[in-house]
Amino acid sequence: HSVFFLKKYQKAIFALSETQVKNATSDLLNDAIDRQIETGNIQYDRMVYFEKDINGRITALKTNMSEVNRLKTDVINIINDDILALDSTDLGIPLGSIFLPEILSGRGPQIPVNILSIRNSEAAFSSTFTQAGINQTLHQLIMEISVDITVLVLGKTNSFTVASHVVVAQTIIVGDVPDTYFQNGGSYGS
């Protein structure tokens, strides 16, 4: 019976385990960023600064790459530690979510989901500029994190990538926004 059970429900169980891990990881990422903001480790004006002309008009936005790289390292270390600290009580799949999800979702004994390994944790930053009113632009600095995770469910391993992005800093720019955004010496159109 257990072989039949595994064959019939394996795809659903793996899909649910992936969803559980992705949701938990996304929550951890948001919590890690919130903690960094609360402790003052993330400040817009330490990561991005404006160059202005003699009339006070912004001529360029520049990124402080050492600050951005420090933040990337800090957040990845926090995330990796937090993900590895998750246990099957955080990630287990209630049997009701498999057999009668319409009625019993989230109920019943749990199938344990254990994280075996994390690989290739990466973080990258991107910027967005959005119209925020007359002569105002919202600039957001976004961190995109991806982590390759391998889990053990019902004696089988399943690997997948968890990707998430979160706004780490933002500001309203009043006046004209320059056409160029400088990052590490190179220029990128906004």
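Just so we're clear, the structure is a prediction, and the values are computed from it rather than from any experiment.

1. Structural notes on the nonpolar core
In terms of nonpolar packing, the biggest core is built from 45 residues, with Met-47, Met-143, Ile-149 and Val-168 touching the most fellow members. Among the secondary structure elements, those contributing two or more residues to this core are helix H1 (2-38), helix H2 (44-47), strand S2 (58-63), helix H3 (65-85), strand S5 (113-133), strand S6 (136-153) and strand S7 (156-174). Considering every element that reaches this core, the biggest residue donor is H1, with nine residues. Every residue in contact with Val-168, bar those within four places of it in the chain, is listed here: Ile-33, Ile-37, Ile-42, Met-47, Phe-125, Leu-141 and Met-143.

2. As for the pairing of S6
Both faces of the sheet carry side chains from a regular strand, because those side chains alternate between them. Across the 18 residues of S6, 14 count as buried, placing the element largely inside the fold. Note: S5 against S6, 17 bridges, orientation antiparallel. Among the inter-strand pairings, Gln-131 is bridged to a residue of S6, identified as Thr-137. Across 18 bridges, S6 lies against S7 in antiparallel orientation. Residue Thr-137 lies in a different strand from S7, and its bridge partner there is Ile-173. Linking S6 back to S7 in an antiparallel pair, the connection comprises two residues, with Leu-154 at a positive phi of about 50 degrees.

3. Some words on the pattern of salt bridges
Taken as a whole and assessed by the stated rule, the structure comprises four salt bridges. The salt bridge partner of Glu-18 is Lys-22, with a shortest N-O separation of 3.0 Å. Of this pair, Glu-18 and Lys-22 are both found in helix H1, four residues apart, which corresponds to roughly one turn of the helix. On the basis of relative accessibility, which here comes to 24%, the residue Glu-18 falls in the partly exposed class. Glu-67 is the salt-bridge partner of Arg-70, the closest N and O atoms lying 2.6 Å from each other. In this pair, Arg-70 and Glu-67 are both assigned in helix H3, three residues apart and thus about one turn of the helix distant. A relative accessible area of 12% places Glu-67 in the buried class.

4. A few points about the sheet that holds S6
Strand order in the open sheet made by the three strands is S5-S6-S7, with antiparallel pairing throughout. Across the chains shown, the open sheet's two edge strands, defined by having one partner strand only, are S5 and S7. Neighbouring strand axes in the sheet, compared pairwise and without regard to direction, differ in orientation by 15 degrees on average. Here H3 sits on the sheet and contacts S5 and S6; the angle it forms with S5, its principal contact strand, is near 140 degrees.

5. Things to note about unusual backbone geometry
Backbone geometry places Leu-154, a non-glycine residue, at a positive phi of 50 degrees. Topologically, Leu-154 is positioned in the loop between S6 and S7. Residue class for Leu-154 comes out partly exposed when judged on its relative accessible area of 36%.

So, how was this worked out
Residues numbered from 1 in each chain as written. Predicted model: local features only at pLDDT ≥ 70, side-chain atom pairs only at ≥ 80, totals over all residues. Heavy atoms only, no water. Core = buried A, V, L, I, M, F, W, Y, C linked by side-chain atoms within 4.5 Å. Buried < 20%, exposed > 50% of the residue type's maximum accessible area, 1.4 Å probe, protein only. Helix = DSSP H or I, 4+ residues; strand = E, 2+ residues; numbered from the N terminus. Contact = heavy atoms within 4.5 Å. Pairing = 2+ DSSP bridges. Salt bridge = Lys/Arg side-chain N within 4 Å of Asp/Glu carboxyl O. Axes fitted to C-alpha atoms, helices over the stretch in contact; angles between N-to-C directions.

This is a description of form; function is not addressed.
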